[in-house]
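# Coordinate inspection notes
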Amino acid sequence: MRLFEATHVFKHDWETVSLANWRKYPNDKTPHVRHVEVLNQDVDPETGVLRTERLIMVRQNVPTLLRKLFGGDASYVLEYSEVDPRQKSMMMQSQNMTFSNVLSVGEHILYKPDPDNLDHTQFIQSAQLKASTALCRLANKVEDMCWNRFKDNAQIGKLGLEQVVSKILAERQEMVMAQVVE
Amino acid sequence: YDACFTRWYSEKFLRGEKSNDCAELFKRYQTCLKKALKDKGLTKMIADARPAIGSVYQDDELDPDREKTQGSNKS
């Protein structure tokens, strides 16, 4: 079992970051995320919380050892999220579906305003990676490889989100300029 | 649907306004999607993965033949 944890502060407000999350894919920083579909989405009438279930298709180069174990390099991930606009929190939980008998990757993400600066957004990510094969030594190697890849993907994921935030800010600027001209 | 959703999200949802702007689009998108998932044989895989992520949605959500209205109470 491997644990991965990372925290980061985006120097943008929570509303902008949460919007960027919805607009994140496709993104040239995260080419491994190939396809996203919304399976279910609605607002809980009692709590006002937006609930979403998404199917994510990932394809990335994997070491031969892993490709042999997994039977390929394309995989599906299921993600469930809740956005509370009053509490200003966005929570996402995801789990791989394909080759789950060999490797289980569960990831939890939370975006909320940074308590030290409410105009910024705190990002807290944690993941559990667990390989199950008959040979303990092989399971360790599989976990190591996947943990390293997870860490790399987490880094480019942050870059990807920043890029989308920049795009949103540029669009807003254009709108303001257009209004000034009128 | 994505375009409608992101507009609704930033202009209505985040500002606390209740509205159902994208319901019609979503319905059409879902009908198409759920048939595609069934054809690809992904329905069971999705149902099996739900407990691990704490999803509130249930198996029958993926049945494209079942009559549904968006915004109905999901247990």
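Starting afresh in each chain, residues are numbered from 1 along the sequence in its written order. As they are written, the chains are lettered A onward and the ligands numbered 1 onward, keeping that order. Local features in this predicted model are restricted to residues of pLDDT 70 or higher, and side-chain atom pairs are both shown and tallied only at a pLDDT of 80 or more, whereas totals for entire chains, interfaces and linings draw on every residue. Computation of side-chain values: all heavy atoms of the structure, hydrogens and water removed.

### A look at the sheet that holds strand β6 (residues 103–114) of chain A
All names here are of chain A. Read across the sheet, 7 strands follow the order β1-β7-β6-β5-β4-β3-β2 without closing on themselves; strand pairing throughout is antiparallel. The strands lining the two open edges of the sheet, one partner per strand, are β1 (2–10) and β2 (33–43). Averaged over all pairs of adjacent strands, the angle between strand axes in this sheet comes to 15°, irrespective of strand direction. Two strands are counted as paired when DSSP detects at least two bridges linking them. What counts as a helix is a DSSP run of H or I of at least four residues, what counts as a strand is a run of E of at least two, and both are numbered from the N terminus. In this sheet, strand β5 (residues 89–96) lies alongside strand β4 (residues 74–84) in antiparallel orientation, the contact comprising 8 bridges. Helix axes use the C-alpha atoms of the stretch in contact, all axes being lines fitted to C-alpha atoms, and the angles between their N-to-C directions lie in the range 0 to 180 degrees.

### Some words on the state of the cysteines
Here a disulfide denotes a covalent bond joining the sulfur atom of one cysteine to the sulfur atom of another. Residues and elements named next belong to chain B. Cysteine sulfurs are considered disulfide-paired once they come within 2.5 Å of each other. With the rule as written, the count across this model stands at 1 disulfide over all chains. The disulfide partner of cysteine 4 is cysteine 22, and the S-S distance across this bridge is 2.1 Å. Residues cysteine 4 and cysteine 22 are joined through a disulfide that is left-handed, its torsion about the S-S bond being -95°. Of this pair, cysteine 4 sits in helix α1 (residues 2–11) while cysteine 22 is found in the loop between α1 and α2 (23–40), placing the two residues 18 residues apart along the sequence. Taking relative accessible area as the criterion, cysteine 22 reaches 8% and is therefore assigned buried. Sulfur of cysteine 32: no disulfide; nearest cysteine sulfur belongs to cysteine 4 and is 17 Å away. Given the relative accessible area of 56%, cysteine 32 is considered exposed. Three labels apply to residues, based on accessible area from a 1.4 Å probe with only protein chains included: buried if under 20% of the type maximum, exposed if over 50%, partly exposed otherwise in between.

### Describing the pairing of strand β7 (residues 117–131) of chain A
Residue and element names in this part refer to chain A. With 9 bridges joining them, β1 and β7 adopt antiparallel strand pairing. The residue bridging glutamate 5 from the neighbouring strand is serine 126, located in β7. Between the antiparallel neighbours β6 and β7 lie 2 residues.

### Describing the pairing of β4 of chain A
Residues and elements named next belong to chain A. Most of β4 is tucked away, with 9 of its 11 residues classed as buried. Pairing geometry for strand β3 (residues 50–59) and β4, over 10 bridges, is antiparallel. Bridge pairing links leucine 50 to valine 83 in β4. Taking the residues between adjacent antiparallel strands as the criterion, β4 and β5 are bridged by 4 residues, where lysine 88 takes a positive phi near 60°.

### Some thoughts on the confidence of the model for chain B
All names here are of chain B. Residue-level pLDDT values for chain B average 83, and 77% of them are 70 or greater. Ranking the elements of chain B by mean pLDDT puts helix α3 (residues 43–53) last, at 92, and α1 first, at 96. pLDDT gives the predictor's per-residue confidence on a scale running from 0 to 100. Contacts are assigned to residue pairs that have any heavy atoms within 4.5 Å of one another. Within the model, the stretch residues 66–75 combines pLDDT values under 50 with 17 contacts to residues more than four positions away or in other chains.

### With respect to the interface of chain A and chain B
Contacts between the two partners involve 33 residues from chain A and, on the opposite side, 31 residues from chain B. The quantity reported as buried area is the accessible area (1.4 Å probe) lost by two parts once they are put together, taken as the sum for both. At the boundary of chain A with chain B, total buried surface from both sides reaches about 2,700 Å², with 67% on carbon and sulfur atoms. Sorting the residues of chain A by area buried against chain B places Asn40, Gln41 and Tyr80 of chain A first, and these three jointly supply 20% of that buried surface. Each salt bridge in this description consists of a side-chain nitrogen of Lys or Arg and a carboxyl oxygen of Asp or Glu lying within 4 Å of one another. Linking chain A with chain B are 1 salt bridge, by the criterion used here. Measuring nitrogen to oxygen at the nearest pair gives 2.6 Å for the salt bridge that ties arginine 50 of chain B to glutamate 53 of chain A. For this analysis, a polar contact is any N or O atom pair within 3.5 Å, provided that within protein one partner can donate a hydrogen and the other can accept it, and provided that sequence-adjacent residues contribute only side-chain to side-chain pairs. Taken together, the links from chain A to chain B amount to 9 residue pairs in polar contact (both at pLDDT 80 or more). Of all the secondary-structure elements, those providing two or more residues to the side of chain A that touches chain B are α1 (14–22), β2, β3, β4 and β5 of chain A. Residue contributions to the side of chain A that touches chain B peak at 7 residues, all from β2 of chain A. Under the scheme applied, nonpolar residues are Ala, Val, Leu, Ile, Met, Phe, Trp, Tyr, Cys and Pro; charged residues are Asp, Glu, Lys and Arg; polar residues are all the others, including Gly. In the side of chain A that touches chain B, the residues fall into 16 nonpolar, 9 polar and 8 charged.

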